[in-house]
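# Close look at the chain arrangement
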Amino acid sequence: MTSRVLVLNGPNLNRLGTREPEVYGSESLADVEHAVRNLGTELGLEVDFRQTNDESQLIGWVHEAVDAGVDVVLNPAAFTHYSYALRDACALITSAGRRLVEVHLSNPAAREEFRHTSVVAGVATGTVAGFGTGSYLLALHALAR
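With that settled, the discussion passes to the environment of Gly40. Looking at where Gly40 falls in the secondary structure, it is placed in helix α2 (residues 29-43). Here Gly40 falls in the buried class, since its relative accessible area comes to 0%. Once the C-alpha coordinates of Gly40 and Val66 are considered, the two residues, 26 residues apart in sequence, prove to be 20 Å apart. Setting aside anything within four residues of it in sequence, one finds Gly40 in contact with Leu45, Val47 and Leu140.

Inspection of every chain in the model, using the stated rule, returns two aromatic pairs. Between Phe49 and Tyr136, the aromatic rings sit 6.5 Å apart at their centres with planes inclined by 35°, giving tilted as the arrangement. Here the residue Phe49 occupies a position in strand β2 (residues 45-51), and Tyr136 occupies one in helix α5 (residues 133-144), the gap between them amounting to 87 residues. For the pair Phe49 and Tyr136, one class covers both residues: buried. Arranged with centres 6.0 Å apart and planes meeting at 75°, the rings of Phe79 and Tyr82 form a pair that is edge-to-face. With relative accessibility at 47%, the residue Tyr82 sits in the partly exposed group.

Summarising the element assignment, Asp71 is placed in strand β3 (residues 71-75). For Asp71, the side chain forms a polar contact with the side chain of Arg98, separated by 3.2 Å. Beyond its immediate sequence surroundings of up to four residues, Asp71 is in contact with Arg4, Val5, Leu6, Arg98, Arg99 and Leu143.

Calculation notes
- Residues numbered from 1 in each chain as written.
- Predicted model: local features only at pLDDT ≥ 70, side-chain atom pairs only at ≥ 80, totals over all residues.
- Heavy atoms only, no water.
- Helix = DSSP H or I, 4+ residues; strand = E, 2+ residues; numbered from the N terminus.
- Buried < 20%, exposed > 50% of the residue type's maximum accessible area, 1.4 Å probe, protein only.
- Contact = heavy atoms within 4.5 Å.
- Phe/Tyr/Trp six-rings, centres within 6.5 Å; stacked < 30°, edge-to-face > 60°.
- Polar contact = N/O pair within 3.5 Å; in protein donor to acceptor, adjacent residues only side chain to side chain.

Shape descriptors only; they carry no functional weight alone.
Quick look at the structure:
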């Protein structure tokens, strides 16, 4: 049986590969998606991979996950630090008995102080950060268990 997983990406992640490669690496979001889809297939997960720069669209996708009863891997990007609307939407996932894994390519705790706080972490099942594309892959492994 294949389980569906939404892999959601927030603002500016469409610029991976050219945006601050010293922080985020040289892989593009298409490269990340390719790795995630390949591992998803190996693990028996149907991956639905999406990216938006729009907070309301991201929240709508989280609502879609709640309504569909699917787990979520979420890289909230900059919304991590201040979007209480996204945090409240994410709380719906875990309160519905589904899992939410927050992921980050870099380690926010090792960066600028304003990045040290995640408003999403408190409602997430778990967080994986600092492993580049590997953060997504570790999240998929956690969900496949």
